[in-house]
Each structure stands twice: as C-alpha cells, then as structure tokens.
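# Commentary on secondary and tertiary structure
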Amino acid sequence: MKTTPLILAAVLVSPLFAPRAFSAELVKPELIAYEAADAKDDALYNDGTRAINEGRWSDAVELFNKVIQLHGSRAEGALYWRAYAENKEGQAARALNTCAELRRTYPKSKWLDECGALEIEIHGHSGQPMSPQATQDDELKLLALSAIMQQDESHAIPAIQQILNSNSSDKLKERALFVLSQSDSKQAQDLIGQIARGQSNPALQVRAIRMLSIRGKDSANLLADIYQHTSDEAVKRAILQAYVVTDSPDKLVEAARTESNPHLARTAVQSLGALGGTAQLQALYNETKSHEVKEAIINGLVAAGRKGADVLGTIATTEQDPDLRRRAVRNLGVAGGPEMAPKLVATYQNSNDAETKRAALEALFVANDAHDLVTLAKAEKDPALKQKIVQQLSIMHSPEATAYMLEILNK
C-alpha cells in the first residue's frame, strides 16, 4: 500500500512513534533548572579558585560565598577555600568559624582534613597550638604535635608521651617519637632513653635506639648499658649497628670479646670492619680462640678495604688452620685488588696445600689479574691446577688471556 504524505505525518506525530529524545518526561523544567544551577556552580567555583591563585582574597571570599549559597556539589570545597581566603585576609576567627560550619553542615566531607590542618596552622600562629587529642586524624595529630613542639615544648612532651602510651597506631607512635627526637632538651632525651631501655614502650625500643645513635658518641655509654642489661637479640643487634653510627669501635670490640651469642659476635666484628677498625680486628684475631669469631674477622676485614687487606695478608702467611688460611687468601683479592697480586703469587708458589693454591687462584681471578694467572699457568706442572687456571683465563676479557688461549690451540 502506498503511504500518503497525510498518513505519514499522522504517524510521525503520534505519541506511540515519538522519539524518546523528545519525550515530555525527559525535558522536565526542574532538570533544566538543575543543570543551569550546576553550570553556575562550576563557573563561580572556577572564578573563586582563580582569585585564590591571584591572591585576591576578598574576591575569593565573595565568590565562594555564592557557591555555598547554591548548596550544590561544590559547596563543601567552597567552605574550605573561603576559610583559606579568610585566613589569608587576616580574618583568622572567621576562618575558624567557616571550618566549624563545614564540620557541622558536612560531617563526612573529604575537606575536613584540609580544614583541620588550617585550624592547626591558625592556632599555631596565635601562640595557642591545638592539642593533638582534638582531632581523630593521625596526620593532623602530627601537625598539632609539631606546632606545639615549636611553640611550647613543655606541653608537647607530655602530649607525645600520652600518644606513645595510648592505643594509637604504630605509625603515629613512630612519627611522634621522631618529633620528640628533634628536641635537644634533657626532658625529651630522657624520654627517648626510657623508651630505648624498654621501660615505657617495648614495641618502640629498637626505633628509639636508632634515634639515640644520631646523637653520636654522647649516647654510646647509654647504649652500652642497655646492651649489658638486655637479653633481646634484636635489641642487641640494633645497638651494635648503632655503634657504627656513633663511631664507637671500642664498644664493638667489647661486645665481640664478651658476647656468647655467635651471631651477635659476628655482627660486632662485621660492624667493626665497616668502621675500618683493622688494628682492633687484628688484636682480636690474635687473642680469640673461637674459630667462628676468627672466620667473622676474616670476612669483616674485607669491608675495611686496603687496610684490611694488609691484615689478611698477615693471616694468609701465618695462620696454621688451613680453613682459616684459605679464607684469608680468598678474601685478599677482594679487599686488596691488583696491589695484592705479588703476595697472592708468593702464597701460591710457596704453599704445598692444593686448596690454598686454589684459593690464591680465585683471589687473582677476582682481582682480574690475567698476567699473573698466565705466568702461573705456563709454569704449573700439576694438570688439575693448570686446568683450573685455564678455565679462569677462558672467561676473562683480557688480550693477554686471549693470546694464551690461542697459544694453547696452536700447540
């Protein structure tokens, strides 16, 4: 059937065939009004933030006031920015009232933390810093603590102590302890000392020990006293590490001599090596009967670099225990580098112990000494040792090693 223009027009205007985009239900007047208000909200908010960026505080206050009165999605942020502008304008009391209005009107607003930080700043500038307990947010508590510490330390330390003894998070307690460590006052340092002894907060004891070490040698005697009166291995280990920071080699020697725990004795020796205490390590090596301690000293001397290599060279030529001698020879190449090559070559040539010879070869390899390895390979009559040297030379990127490989192939 052919559709006439009149019939087609009737179909198009029928409610049953009307496109949804033109439905009366989707063009309600209140929706249009809402979208218009939202656009106005955004425009005013953007103008307000532009005024903030340009330092036009009174203009910003006026613009954000208008946003607040619209009660739209931007109202919460507008309250904070109005408080910010009011404070910049010198109207601190008004800014505090605006933050109170935000808290009262929008108790779950994401802008509450921003206002909280602003309140702390305002109170700090007024000489009456807020108590950390006035807020439930950990970050704001820390801001309040820092402000109190700057304004009135005598009130800050009890507040910190209250946090440390409370059920607050470990993160807050650790950072409160850090704020405390920034003070040089006797009261603050005494409190850190109590915590380091485990008297007030065992969970923070190791952290307090590390903070004590930052004070340098002044804290060394206190740390030594704590070491003597604790059986906690983690605490002792933290103190041994703290001795490195305080530059206290004498305390490390004392710990290495008296410590019955081999793991801690080894830590003391390694820490002494990190301080470059080669003379103390050599004296300790000569007097100790412990194989484990001697082994730890040989390893600790590597950290002492060139000075450590001199002591290792002595041990390598005088030690009667084959295992310790081999360890010293092996570490000699690591600690001394190419400069130790003559001593390693002499050790190789003068030793009748195959394992000591292998240790010397490994040390020369670590020192990247292809020249001496080639010389030793050419003179070596023992097939097993010669093969060991050739294996090492085959993976060394050295023209001399390559030339020797070609010489072997051409025979």
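Residues numbered from 1 in each chain as written. Predicted model: local features only at pLDDT ≥ 70, side-chain atom pairs only at ≥ 80, totals over all residues. Heavy atoms only, no water.

The subject of this paragraph is the overall build of the chain. Along its length, the chain carries 24 helices and zero strands. Going through the 411 residues of the chain one by one, you find that 43% of them count as buried. Of the contacts made within the chain by residues no fewer than 6 positions apart, 53% connect residues no fewer than 24 positions apart. On the chain, roughly 22600 Å² of surface is accessible, and the fraction owed to carbon and sulfur atoms is 52%. (Helix = DSSP H or I, 4+ residues; strand = E, 2+ residues; numbered from the N terminus. Buried < 20%, exposed > 50% of the residue type's maximum accessible area, 1.4 Å probe, protein only. Contact = heavy atoms within 4.5 Å. Areas by Shrake-Rupley, 256 points an atom, 1.4 Å probe, with all protein chains shown as cover.)

With that out of the way, let us pick up the confidence of the model for the chain. Chain-level pLDDT for the chain is 81 on average; 83% of the residues reach the 70-or-more range. Note on residues 1–34: pLDDT under 50 across the span, and five contacts to partners over four residues away in sequence or across chains. (pLDDT = per-residue confidence, 0-100.)

Let us now look at the packing of aromatic side chains. For the structure on display, the rule yields seven aromatic pairs. When the ring of tyrosine 80 is compared with that of tyrosine 84, the centres are 6.3 Å apart and the planes differ by 45°; the resulting orientation is tilted. Of this pair, tyrosine 80 and tyrosine 84 both sit in helix 4 (residues 75–88), separated by four residues, roughly a single helical turn. Classification of tyrosine 84 by relative accessible area gives partly exposed; the value is 23%. Seen in terms of ring centroids, tryptophan 81 and tyrosine 84 are 5.3 Å apart; in terms of plane orientation they differ by 75°. Their pairing is edge-to-face. Placement of both tryptophan 81 and tyrosine 84 in helix 4 is noted, with a separation of three residues, approximately one turn of the helix. A relative accessible area of 22% places tryptophan 81 in the partly exposed class. Members of the aromatic cluster, joined through ring pairs, are Trp57, Tyr80, Trp81, Tyr84 and Trp111. A cation over an aromatic ring shows up here: arginine 74 above the ring of tyrosine 45, its NZ or CZ 4.4 Å from the ring centre. (Phe/Tyr/Trp six-rings, centres within 6.5 Å; stacked < 30°, edge-to-face > 60°. Lys NZ or Arg CZ within 6 Å of the ring centre and 35° of its normal.)

With that settled, consider the pattern of salt bridges. One pass over the structure, following the stated rule, counts 20 salt bridges. The shortest N-O distance in the salt bridge between glutamate 86 and arginine 82 comes to 3.5 Å. With glutamate 86 and arginine 82 both in helix 4 and four residues apart, this pair spans about one turn of that helix. Taken individually, glutamate 86 and arginine 82 each receive the classification buried, so the pair is uniform in this respect. For arginine 330, the salt bridge goes to glutamate 362, with nearest N and O atoms at 2.8 Å. Placement of the pair is arginine 330 in helix 19 (residues 322–336) and glutamate 362 in helix 21 (residues 354–366), with a sequence separation of 32 residues. Using a relative accessible area of 32% as the deciding quantity, one classes arginine 330 as partly exposed. For glutamate 362, a relative accessible area of 27% translates into the label partly exposed. What you see here is one network of salt bridges that share partners, running through Glu54, Arg56 and Asp59. (Salt bridge = Lys/Arg side-chain N within 4 Å of Asp/Glu carboxyl O.)

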